[in-house]
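Fold and contact review
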Amino acid sequence: MEAKIGLIYGDGIGPEIVREGKKILSRVGAVYSHEFQYTEILMGGCSIDACGEPLTKEAVESAKAQDAVLMGSIGGDAAVSPWYKLPPEKRPEVGLLGIRKALNLFANLRPASLYPELKGACPLRADIADKGFDLLIMRELTGGLYFGERKTEERDGLIVATDTLVYNEEEIQRIAIRAFDVAMKRRKKVTSVDKANVLDSSRLWRKVVEEVAKDYPEVTLSHMLVDNCAMQLVKGPAQFDVVLTENMFGDILSDEASQITGSIGMLPSASLNDTKFGLYEPSGGSAPDIAGKGIANPIATILSAAMLLRYSLDLNQEADAVEEAVKKVLAEGYRTVDIAAFKEGVETKQVSTEEMGDCIAERIG
Ligand code: IPM
Ligand code: MG
């Protein structure tokens, strides 16, 4: 097939890890005879430096013209980077929120599972880690607190800041449908997470999710309050299959879920709209402290490329091949420095970002 793939290298370790993601896509193209055409798209701090804003109209148009976009990471160290001296609406993160909104990427899939080879990296007690886990957070990505009206004003001599958490029933329905659809392809369990004991938006959330559930009699639905969910993720992550939740809860819980896998450098994500288009990115940040050193773990980006193949291009066999290749290199003992300490009985070989990309590419096809 022919496909147009956008590449957002971004900031920090972004360029290094996207280079490896592209290497894998090109390998897949060569082995399976697909023609991938790449277009570079600027976003984040590098776009501020080049164009004076984190996301230009041209960048949005260019992204829209692609079949899918693979992204690295954006942003810098807020303590030292000049980007964070700019007004809030001009900072790198606004580019990311902006592209999600502009492309209507309302469904954010964040899988988190424990690789047997990296079990030692799991910070949970051994009896919990031994059970393993394999969950997917379905985070609503274009509504809620991050997109509601916000303002800072002075009232009666006091500065008051307001953010609003807004959802309409259609927004809840479409993300719930995504969660149930994905659950049908997994272990058929949805845990919907909310704060229905306090928030109106959560009460509506629960009602709509229950409506949607009626169309999926094979899927077991349960509800969980978000504070309890934060606890259950460390107490017994094996209980979860698909975790469906709103934007901010999903933001927080997905960081927690990634942490219990022990290595944020391993976790991919996909942000999808109601077409085949998707934006694929590692769950981790731009890690400015290790940028340019050639030591970042490219696996999250490579697995994001696998998700791109699966969800946007319907290339399931190719996606499987990439995921298998990742498992193989881990089983053979190849490790970037972040996971170097975890051996699980194999002799490990520490490799650079680029070498890890090469090792995985060689095992495809
Ligand atoms: C994420 C990030 C973003 C978010 C930030 C950078 C705006 O934390 O993708 O989880 O909150 O969505
Ligand atoms: Mg986050």
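Residues numbered from 1 in each chain as written. Chains lettered and ligands numbered in written order. Predicted model: local features only at pLDDT ≥ 70, side-chain atom pairs only at ≥ 80, totals over all residues. Heavy atoms only, no water.

A count of helical and extended segments in the protein gives 12 helices and 14 strands. Based on the C-alpha atoms only, the size of the protein along its principal axes is roughly 60 × 50 × 40 Å. Partitioning the contacts of the protein with sequence separation of at least 6, the portion at a separation of at least 24 is 74%. Total accessible area computed for the protein in this model is approximately 16100 Å², and 51% of it derives from carbon and sulfur atoms. (Helix = DSSP H or I, 4+ residues; strand = E, 2+ residues; numbered from the N terminus. Contact = heavy atoms within 4.5 Å. Areas by Shrake-Rupley, 256 points an atom, 1.4 Å probe, with all protein chains shown as cover.)

This part is about the packing of helix H8 (residues 226-235) against helix H9 (residues 247-261). Between H8 and H9, whose axes approach to 10 Å, the crossing angle comes to 10°. The orientation of H8 relative to H9 falls into the category roughly parallel. Packed against H8, whose contacting residues are Val226, Cys229, Ala230, Leu233 and Val234, the element H9 presents Phe249, Leu253, Glu256, Ala257 and Ile260 at the interface. Here the residues of the contact of H8 with H9 are counted per class, giving nine nonpolar, no polar and one charged. (Axes fitted to C-alpha atoms, helices over the stretch in contact; angles between N-to-C directions. Parallel < 35°, antiparallel > 145°, perpendicular 65-115°, else oblique. Nonpolar A, V, L, I, M, F, W, Y, C, P; charged D, E, K, R; others polar.)

Now for the pattern of salt bridges. Inspection of every chain in the model, using the stated rule, returns 22 salt bridges. Between Asp130 and Lys119 there is a salt bridge; the shortest N-O distance is 3.3 Å. Within this pair, whereas Asp130 is found in the loop between helix H5 (126-129) and strand S5 (134-140), its partner Lys119 is found in the loop between strand S4 (107-113) and H5, the two being separated by 11 residues in sequence. In this structure Lys119 comes out as partly exposed when scored by relative accessible area, which is 29%. Where Lys327 meets Glu324, a salt bridge forms, and the shortest distance between an N and an O atom there is 3.7 Å. One end of the pair is Lys327 and the other is Glu324, both in helix H11 (residues 316-331) and three residues apart, which spans about a single turn. Ionic contacts of the salt-bridge type, sharing partners, join the residues Asp134, Arg186, Arg187 and Asp241 into one network. (Salt bridge = Lys/Arg side-chain N within 4 Å of Asp/Glu carboxyl O. Buried < 20%, exposed > 50% of the residue type's maximum accessible area, 1.4 Å probe, protein only.)

It is characteristic of soluble globular proteins that their nonpolar side chains tend to be buried jointly. Membership of the largest hydrophobic core comes to 67 residues, with the highest contact counts inside it found for Phe36, Leu109, Met138, Leu244, Leu309 and Ile360. The leading source of residues in this core is helix H10 (residues 299-311), at eight residues. The residue makeup of this core includes at least three contributed by each of domain 1 (1-111 + 265-365) and domain 2 (123-260). Ignoring any residue separated from it by four or fewer positions in sequence, one finds Phe36 in contact with Ala3, Ile5, Leu25, Val28, Gly29, Leu309, Leu313 and Leu315. One finds Phe133, Val226, Cys229 and Ala257 within the second-largest nonpolar core, a separate group that totals 21 residues. (Core = buried A, V, L, I, M, F, W, Y, C linked by side-chain atoms within 4.5 Å. Domains from an automatic or database assignment.)

With that settled, the discussion passes to the domain arrangement of the protein. Domain boundaries assigned for the protein yield domain 1 (1-111 + 265-365) and domain 2 (123-260). Here domain 1 and domain 2 have C-alpha centroids that lie 24 Å from each other. With 16 residues of domain 1 at the contact, the number on the domain 2 side is 16 residues. Of the roughly 1600 Å² buried at the junction of domain 1 and domain 2 (both faces included), carbon and sulfur atoms supply 60%. Between domain 1 and domain 2 we count zero salt bridges in total. Remark: the boundary between domain 1 and domain 2 carries seven residue pairs in polar contact (both at pLDDT 80 or more). If one sorts the elements of the side of domain 1 that touches domain 2 by residue count, S4 sits on top with five residues. Here the side of domain 1 that touches domain 2 is composed, by residue class, of eight nonpolar, four polar and four charged. (Buried area = accessible area lost by both parts, 1.4 Å probe. Polar contact = N/O pair within 3.5 Å; in protein donor to acceptor, adjacent residues only side chain to side chain.)

Right, let's get into the environment of Pro111. Structurally, Pro111 can be placed in strand S4. Sequence separation of Pro111 and Pro288 is 177 residues, and the distance between their C-alpha atoms is 24 Å. Setting aside residues no more than four positions away along its own chain, Pro111 makes contact with Leu135, Leu136, Leu267, Pro268 and Met307.

This part takes up helix H3 (residues 57-64). Regarding H3, the residues found buried are Ala59, Val60 and Ala63. Buried residues along H3 cover an arc of 100° about the axis, so they all sit on one side. Exposed residues lying more than 90 degrees from the buried face of H3 are Lys57 and Glu58. Residues of H3 that are buried sit in contact with strand S3 (68-73) and helix H4 (92-102). (Arc of directions from axis to C-beta.)

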